2 protein chains.
Amino acid sequence: MYEIIKAIAEPNRLSILKMVRTREMSAGQIAESFGSITRPAVSQHLGVLKKAGLLTEKREGTSRLYKARPEGFASLKEFLEEFWEPRLQKLKTVVENENNEK
Amino acid sequence: MYEIIKAIAEPNRLSILKMVRTREMSAGQIAESFGSITRPAVSQHLGVLKKAGLLTEKREGTSRLYKARPEGFASLKEFLEEFWEPRLQKLKTVVENENNEK
DNA sequence: CACTTACGTAAGTGTAGACTAACATATTTT
DNA sequence: AAAATATGTTAGTCTACACTTACGTAAGTG
């Protein structure tokens, strides 16, 4: 769980997550959209995010495509919900049931 | 929002939050239950948590009593929910309505 | 008003981690 | 197989920050 918090507790990493939330992006594309930091820095951030289970990596040719992995956030969400609002636990079940019905 | 993530991205601070989740505790009491770190260190952590809006402080004589402040987590919870599962937004409204009915 | 109690604050130190530059690796192209 | 492309890895630097020691402060007590 801590790995996740640490992973998102860094501005550039959170920016990366936002970028790959809806679409796949290559490491190079991600690095380009950063004016400030270099490609190796991005690569290292991707490593941290991937290790925390927040990204999927797909190799395609010489490129590697990254995409956010929502399931990776599950343990953090659960922690927050249980910690602050035990009542939400009930609702979580409702959501899961809805999803199963689809 | 970042202030909140940074605040909980430190093991001792998260421990403090767990301690004062259900009951009020003085700074001294909190410091005592840490075998490892000193009282000033705890005091500094309390400052960070308070600044992030995660704690309430109540002065009582020479003591200061701290307690977790669930509302402080709202923006982080909202961010996570919206970021990963936009569908939960719907449920959030349900919860709020339930609470209003009480 | 001195003294004690319960704190916060400031200054200085050590370390984790974010960064860059240089190098290594893997896949495609010629 | 050499060259080009896209990327990861390593070594070293610099800064943020968690920590301790020493000091400052504010509220009770004799």
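As shown above, the structure is provided for reference.
These notes cover the structure that comes with them. (Residues numbered from 1 in each chain as written. Chains lettered and ligands numbered in written order. Predicted model: local features only at pLDDT ≥ 70, side-chain atom pairs only at ≥ 80, totals over all residues. Heavy atoms only, no water.)

### Observations concerning the protein's contact with DNA strand C
Close to DNA strand C lie 25 residues, the nearest being N12, T38 and H45 of chain A together with S43 and Y66 of chain B. Close to the protein, within 4 Å, the atoms of DNA strand C are drawn from sugar and phosphate at a rate of 64%. In the environment of DNA strand C, a phosphate oxygen lies 2.2 Å from a nitrogen or oxygen atom belonging to the side chain of H45 of chain A. Those elements that place two or more of their residues in the surface near DNA strand C are helix 2 (11–19) and helix 4 (39–51) of chain A together with helix 3 (27–32), helix 4 (39–51) and strand 3 (63–68) of chain B. When grouped by side-chain class, the residues that make up the surface near DNA strand C number six nonpolar, 13 polar and six charged. (Near = heavy atom within 4 Å. Polar contact = N/O pair within 3.5 Å; in protein donor to acceptor, adjacent residues only side chain to side chain. Helix = DSSP H or I, 4+ residues; strand = E, 2+ residues; numbered from the N terminus. Nonpolar A, V, L, I, M, F, W, Y, C, P; charged D, E, K, R; others polar.)

### Some remarks on the environment of R23 of chain B
Residue and element names in this part refer to chain B. Within the secondary structure, R23 is located in the loop between helix 2 (11–19) and strand 1 (25–26). Judged by its relative accessible area of 44%, R23 is partly exposed. R23 sits 43 residues away from Y66 along the chain, and the two C-alpha atoms are 8.5 Å apart. When sequence neighbours within four positions are dropped, the list of residues in contact with R23 reads Y66 and K67. Within the structure, the side chain of R23 is placed 3.3 Å from the backbone oxygen of M19, a separation counted as a polar contact. (Buried < 20%, exposed > 50% of the residue type's maximum accessible area, 1.4 Å probe, protein only. Contact = heavy atoms within 4.5 Å.)

### Let's talk about the nonpolar core
L17, I30 and L54 of chain A together with L17, I30 and L54 of chain B are the most contacted members of the largest nonpolar core, which totals 56 residues. When sequence neighbours within four positions are dropped, the list of residues in contact with L17 of chain A reads I8, L49, L54, L55, A68 and F73 of chain A together with F83 and W84 of chain B. (Core = buried A, V, L, I, M, F, W, Y, C linked by side-chain atoms within 4.5 Å.)

### Quick notes on the protein's contact with DNA strand D
As a structural note, the neighbourhood of DNA strand D is formed by 24 residues, with S43 and Y66 of chain A together with N12, T38 and H45 of chain B the closest of them. The share of sugar and phosphate among atoms of DNA strand D within 4 Å of the protein is 65%. Here S63 of chain A contributes a side-chain N or O atom positioned 3.3 Å from a sugar or linking oxygen of DNA strand D. The contact in question runs from a phosphate oxygen of DNA strand D to an N or O atom on the side chain of R13 of chain B, over 3.0 Å. If you list the elements that add at least two residues to the surface near DNA strand D, you get helix 3 (27–32), helix 4 and strand 3 (63–68) of chain A together with helix 2 and helix 4 of chain B. For the surface near DNA strand D, the class distribution of residues is six nonpolar, 13 polar and five charged.

### Comments concerning the packing of helix 5 (residues 74–84) of chain A against helix 2 of chain B
Look at helix 5 of chain A against helix 2 of chain B: their axes get within 11 Å of each other, and the N-to-C directions meet at 35 degrees. As helix 5 of chain A runs across helix 2 of chain B, the sense of the crossing is left-handed. Listed contacts from helix 2 of chain B to F79, F83 and W84 of chain A of helix 5 of chain A are L14, L17 and K18 of chain B. The residue inventory of the contact of helix 5 of chain A with helix 2 of chain B, partitioned by class, reads five nonpolar, no polar and one charged. (Axes fitted to C-alpha atoms, helices over the stretch in contact; angles between N-to-C directions. Left-handed = near helix turned anticlockwise from the far one by under 90°.)

### Quick word on the sheet that holds strand 3 of chain A
Residue and element names in this part refer to chain A. Read from one edge of the open sheet, three strands run 1-3-2, paired in antiparallel fashion. The sheet is open, and its two edges are formed by strand 1 (25–26) and strand 2 (55–60), each paired on a single side. Inspection of the sheet shows strand 1 paired to strand 3 by two bridges, in the antiparallel sense. Each bridged residue has a counterpart across the sheet, and for M25 the counterpart in strand 3 is Y66. (Pairing = 2+ DSSP bridges.)

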